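Here's the letter readout for the chains.
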Amino acid sequence: MSQDCIFCKIIAGQIPSAKIYDQGGVYAFLDIAPVNKGHALVVPKKHYATLFDLPDDLGREMLAALKNVGRAVMTATGASGLNVGMNNYESAGQLVHHAHFHLIPRHDGDGLTLWTQHAYESTEEMRKLAQAIAAALG
Ligand code: AMP
Ligand code: ZN
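Here the residue numbering is sequential within each chain, running from 1 through the sequence in written order. The lettering of chains begins at A and the numbering of ligands begins at 1, in the order of writing. Side-chain atom pairs in this predicted model are given and counted only at pLDDT of 80 or more, local residue features only at pLDDT of at least 70, and totals for whole chains, interfaces and linings cover all residues. To obtain the side-chain values, all non-hydrogen atoms of the structure were included, while hydrogens and water were left out.

*Asks:* Explain the environment of Ala136 here, please?
*Replies:* What counts as a helix is a DSSP run of H or I of at least four residues, what counts as a strand is a run of E of at least two, and both are numbered from the N terminus. Secondary-structure assignment places Ala136 in the segment after helix H3 (123–135). Taking the C-alpha atoms as reference points, Ala136 and Ala18, separated by 118 residues in sequence, lie 41 Å from one another.

Pasting the structure below:
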């Protein structure tokens, strides 16, 4: 447990949460400021800061929980879609430094717009970047 982490305190029961799921190494609860009602957060019970810190076996357990909780969020809210999101590091909007996935129920015409997309300057620029990323793979 990280002493100054709000999600660790929620998991330890020191701060109240609207709990949905508590199994194995995974906990899920409602986001206090939902994008849409039913917006849930799925988190590892142990403190890991980002996606890159999560052990792979826990990642598998989290994927199963995301599917299970995601289906339940859709059923309970009557949603016809679901966004799964994760912010890693402050530049990407991560405010709580305990890894977590957002499950956001979506409804036709709910008006939520996601990020703006842009064009590459050329297919050459795009191809070079794909090569650079492939070369950086571990
Ligand atoms: P992120 O920007 O990805 O780090 O998201 C952190 C999320 O945690 C935000 O959507 C907050 O609304 C949510 N949050 C912060 N404190 C609490 C809390 N005490 N209970 C439930 N959700 C919270
Ligand atoms: Zn934590």
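The discussion continues.
*Asks:* Looking at this structure, how should I read the nonpolar core?
*Replies:* Side chains that are nonpolar tend, in soluble globular proteins, to be buried together. Val26, Val42, Leu54, Met62, Val69 and Phe101 are the most contacted members of the largest nonpolar core, which has 17 residues in total. Per element, the largest residue contribution to this core is six residues, and it comes from helix H2 (residues 56–77). Apart from residues no more than four positions distant in its own chain, Leu54 is found in contact with Pro44, Tyr48, Met62, Ala99 and Phe101. Grouping buried Ala, Val, Leu, Ile, Met, Phe, Trp, Tyr and Cys residues that are joined through side-chain atoms within 4.5 Å yields what is termed a nonpolar core. Buried means the residue's accessible area, taken with a 1.4 Å probe over protein chains only, is under 20% of the maximum for its type, while exposed means over 50%, and partly exposed covers the values in between. Judged by nonpolar contacts, the second largest core, of eight residues, contains Phe7, Cys8, Ile10 and Phe29. It only takes one pair of heavy atoms within 4.5 Å for two residues to be counted as in contact.

*Asks:* How do you make sense of the coordination of the zinc ion (ligand 2) when you look at a structure like this?
*Replies:* Reference values for coordination geometry: four tetrahedral donors around a metal ideally subtend 109.5 degrees, six octahedral donors ideally subtend 90 or 180 degrees. Think of the donor list as every N, O and S atom within 2.8 Å of the metal, or within 3.2 Å for Na, K and Ca; water never makes the list, so a site can look incomplete. Of the protein atoms, only Cys5 (SG), Cys8 (SG), His47 (ND1) and His98 (ND1) coordinate the zinc ion (ligand 2), at distances of 2.1 to 2.3 Å. A four-donor site is classed as tetrahedral when every donor-metal-donor angle falls between 85 and 135 degrees; four donors are called square planar, and six octahedral, when trans pairs exceed 155 degrees and all remaining angles lie between 65 and 115, with any other arrangement labelled irregular. Its four donor atoms give the zinc ion (ligand 2) angles of 106 to 116° at the centre, a pattern that matches the tetrahedral case. Sequence positions of the donors to the zinc ion (ligand 2) reduce to the motif C-x2-C-x38-H-x50-H. In this structure, Cys5 and Cys8 share a single accessibility class: buried.

*Asks:* So what exactly am I meant to see when it comes to a nonpolar patch on the surface here?
*Replies:* Where nonpolar side chains cluster on the molecular surface, the patch consists of Tyr120, Met126, Leu129 and Ile133 and spans about 400 Å² of accessible area. Inspection of the secondary structure assignment puts Tyr120 in the loop between strand E5 (101–106) and H3. Exposure remark for Tyr120: the relative accessible area of 44% places this residue in the partly exposed category. Two distance rules govern patches: like charges are joined within 9 Å, and nonpolar side chains (Val, Leu, Ile, Met, Phe, Trp, Tyr) within 5 Å, applied only to residues with over 30% relative accessible area and no salt bridge. All accessible areas in this document rest on Shrake-Rupley with a 1.4 Å probe, and a residue is counted as covered only by the protein chains that are shown. For this analysis, a salt bridge means a side-chain nitrogen from Lys or Arg found within 4 Å of a carboxyl oxygen belonging to Asp or Glu.

*Asks:* Could you clarify how one ought to interpret the site of ligand 1 in this entry?
*Replies:* In the region of ligand 1, 16 residues are neighbours, and Asp31, Gly93, Leu95, His100 and His102 sit closest. Distance and chemistry together define a polar contact, namely a pair of N or O atoms within 3.5 Å, with one atom able to donate a hydrogen and the other to accept it when in protein, and with adjacent residues in sequence counting only for side-chain atoms on both sides. Within the side chain of Asp31, one N or O atom sits 2.4 Å away from an oxygen atom of ligand 1. Interatomic distance of 2.8 Å between a side-chain N/O atom of His102 and an oxygen atom of ligand 1. In the complex, the protein chains occlude 84% of the 500 Å² of accessible area that ligand 1 would expose alone. A cutoff of 4 Å decides nearness: a residue is near a molecule or strand if any of its heavy atoms lies inside that distance of it.

Geometry only, nothing functional implied.
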